Amino acid sequence: MATSSTVPVSLPMPTIPRTRRTPAEIAAAAPVEGERKVFLAAPRGYCAGVDRAVIAVEKALEHYGAPVYVRKQIVHNLHVVSTLEARGAIFVEENEEVPEGALVVFSAHGVSPAVVKSAADRGLRTIDATCPLVTKVHREAVRFAKEDYEILLVGHEGHEEVEGTYGEAPEVTTIVNNPEEADTVVVKNPDKLIWLSQTTLSVDETMETVRRLRKRFPNLQDPPSDDICYATTNRQAAIKAIAPQSELVIVVGSSNSSNSVRLVEVALEYGAKAAYRVDYASEVDESWFEGVKSVGVTSGASVPEVLVRDVLKLLAEYGFADVEEVTTAQEDILFSLPKEIRAKLKEAGDDSRGLGGRVVKSDISS
């Protein structure tokens, strides 16, 4: 007699809408005396390089039409990527996924010469939206390789920016991921050595890595100017200013955004009792507010301000309506859009500005 066999079928768990505890329930769980307060870091959010890259894709869609292919995420933010996808952008991992002859935008993190060549080999039309500050590091790598320096690249192996910079001079470049690796890295000629870095690292950790490297290699040369970008430095300085006053810090940013992840780490290092990263206000757990009187809020350099406003609205619902903006620096940097976009704007008679660098409005009441 034949018996039937069944194969187990895996079914996804249904998505259950999250029910928040009410402000009254949170207040009852851990009563707080006195006024609750929010310290809002400034600068925060979009930097000029991110803004430039996002505008480049927006203008490409406007003037070339959909689809516009983008290699990797244009910037490391889920909201930005999904918004551009809805307008017709198609994000791919490699050039091989782009139809021959199609238009592809290189992300703000930069690409290696090998990626540029593969695009040319496939006859792809390209727009290079690499942040100019990343391009600066690429040029430094090329220059020092030509001068027979060995390069120690401080950064996270596997990150797109590091892959691009490494690809400029792979034969003479060694990646140093953290201070611990500085204690063990092997070099060929310690007397002809220079360090460069990923632009979005923790300033403190990078300097500690360099300190350890220089202890082992006294003749280690510094780059001509800081490689860590102004936006990363400024956002870390701002969170350092508010962390000691904040029992809780909320960082708005995506998990693959190095600078957003670093902001959580810096907040904890500089006195915040708790710090969390969220993409959206909906991810904030209201239990974080129990017994808390002060909350610090900031966002990574690839985060649109609307996402911060949503977090502030949620905080206000739970009694954190008093918002004080703490400003540690002013930013007014603008970058020209990629040359391919500027040429297209001119051809189309589009007289909109050919610049990237939206300034976050400081009117926290809006």
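Residues numbered from 1 in each chain as written. Predicted model: local features only at pLDDT ≥ 70, side-chain atom pairs only at ≥ 80, totals over all residues. Heavy atoms only, no water.

## Focus: helix α5 (residues 132–146)
As a reminder of what qualifies: Segments assigned H or I by DSSP are reported as helices when at least four residues long, segments assigned E as strands when at least two residues long, and all are numbered from the N terminus. One less than the number of residues in a helix, times 1.5 Å, gives the span that helix is expected to have. Summary of the burial criterion: residues with accessible area below 20% of their type's maximum are buried, those above 50% are exposed, and those between are partly exposed, where the area comes from a 1.4 Å probe applied to protein chains only. Along the arc lie the directions from the helix axis toward the C-beta atoms. What makes two residues a contact is simply this: any of their non-hydrogen atoms within 4.5 Å.
For α5, built from 15 residues, the straight-helix expectation of 21 Å at 1.5 Å per residue is met to within 8% by its first-to-last C-alpha distance of 21 Å. Taken residue by residue, α5 has V134, V137, H138, E140, A141 and F144 as its buried positions. Down the axis of α5, the smallest arc covering the buried residues is 155°, so these residues share one side. The outward face of α5, more than 90 degrees from its buried face, is lined by the exposed residues R139 and K146. Looking at the packing, one finds that the buried side of α5 touches β6 (150–154), α6 (160–166) and β8 (193–197). Looking at the residues trailing α5, positive phi occurs at D148, about 65°.

## Here we look at helix α10 (residues 258–269)
Between its first and last C-alpha, α10 extends 16 Å over 12 residues, near the 16 Å set by a 1.5 Å rise per residue. Within α10, burial applies to S258, N259, S260, R262, L263, V264, V266 and A267. In this structure, the buried side of α10 is in contact with α9 (230–242), β9 (248–252), β10 (274–278) and β11 (294–299). Directly after α10, the chain includes G271, whose backbone phi takes a positive value near 120°.

## Focus on the pairing of β8
Stated formally: Only strands that DSSP links by at least two bridges are regarded as paired with each other.
Most of β8 sits out of view: 5 of its 5 residues are buried. Because side chains alternate across β8, one face comprises the buried residues L193, W195 and S197, and the other comprises I194 and L196, equally buried. Bridge count for β6 against β8 is 5 bridges, and the pairing is parallel. Bridging across to β8, L152 finds its partner in W195.

## So, the pattern of salt bridges
Worth spelling out the cut-off: Any Lys or Arg side-chain nitrogen found within 4 Å of a carboxyl oxygen on Asp or Glu counts as a salt bridge.
On inspection of all chains with the given rule, the structure shows 26 salt bridges. Ionic pairing is found between K240 and D204, a salt bridge with its closest N-O pair at 3.2 Å. Here D204 lies in helix α8 (residues 203–216) and K240 lies in helix α9, a separation of 36 residues in the sequence. Judged by its relative accessible area of 21%, K240 is partly exposed. The closest approach of N and O atoms between D222 and R214, which form a salt bridge, is 2.6 Å. A single salt-bridge network, built from bridges that share partners, covers R44, E305, R309 and E325.

## Describing unusual backbone geometry
Glycine aside, a negative phi is what most residues show, and trans is what most peptide bonds show. A42 connects to P43 through a cis peptide bond whose omega is 5°. Among the structural elements, P43 can be located in the loop between β1 (37–42) and α2 (48–64). Note the cis peptide between A66 and P67, where omega equals 0°. Among the secondary structure elements, P67 is positioned in the loop between α2 and β2 (68–71). Located in the positive-phi region is K72, a residue other than glycine, with phi close to 65°. The topology assignment puts K72 in the loop between β2 and α3 (78–87). Even without being glycine, D148 reaches a positive phi, approximately 65°. On the secondary structure map, D148 appears in the loop between α5 and β6. Taking the relative accessible area as the measure of exposure, D148 reaches 62% and is therefore exposed.

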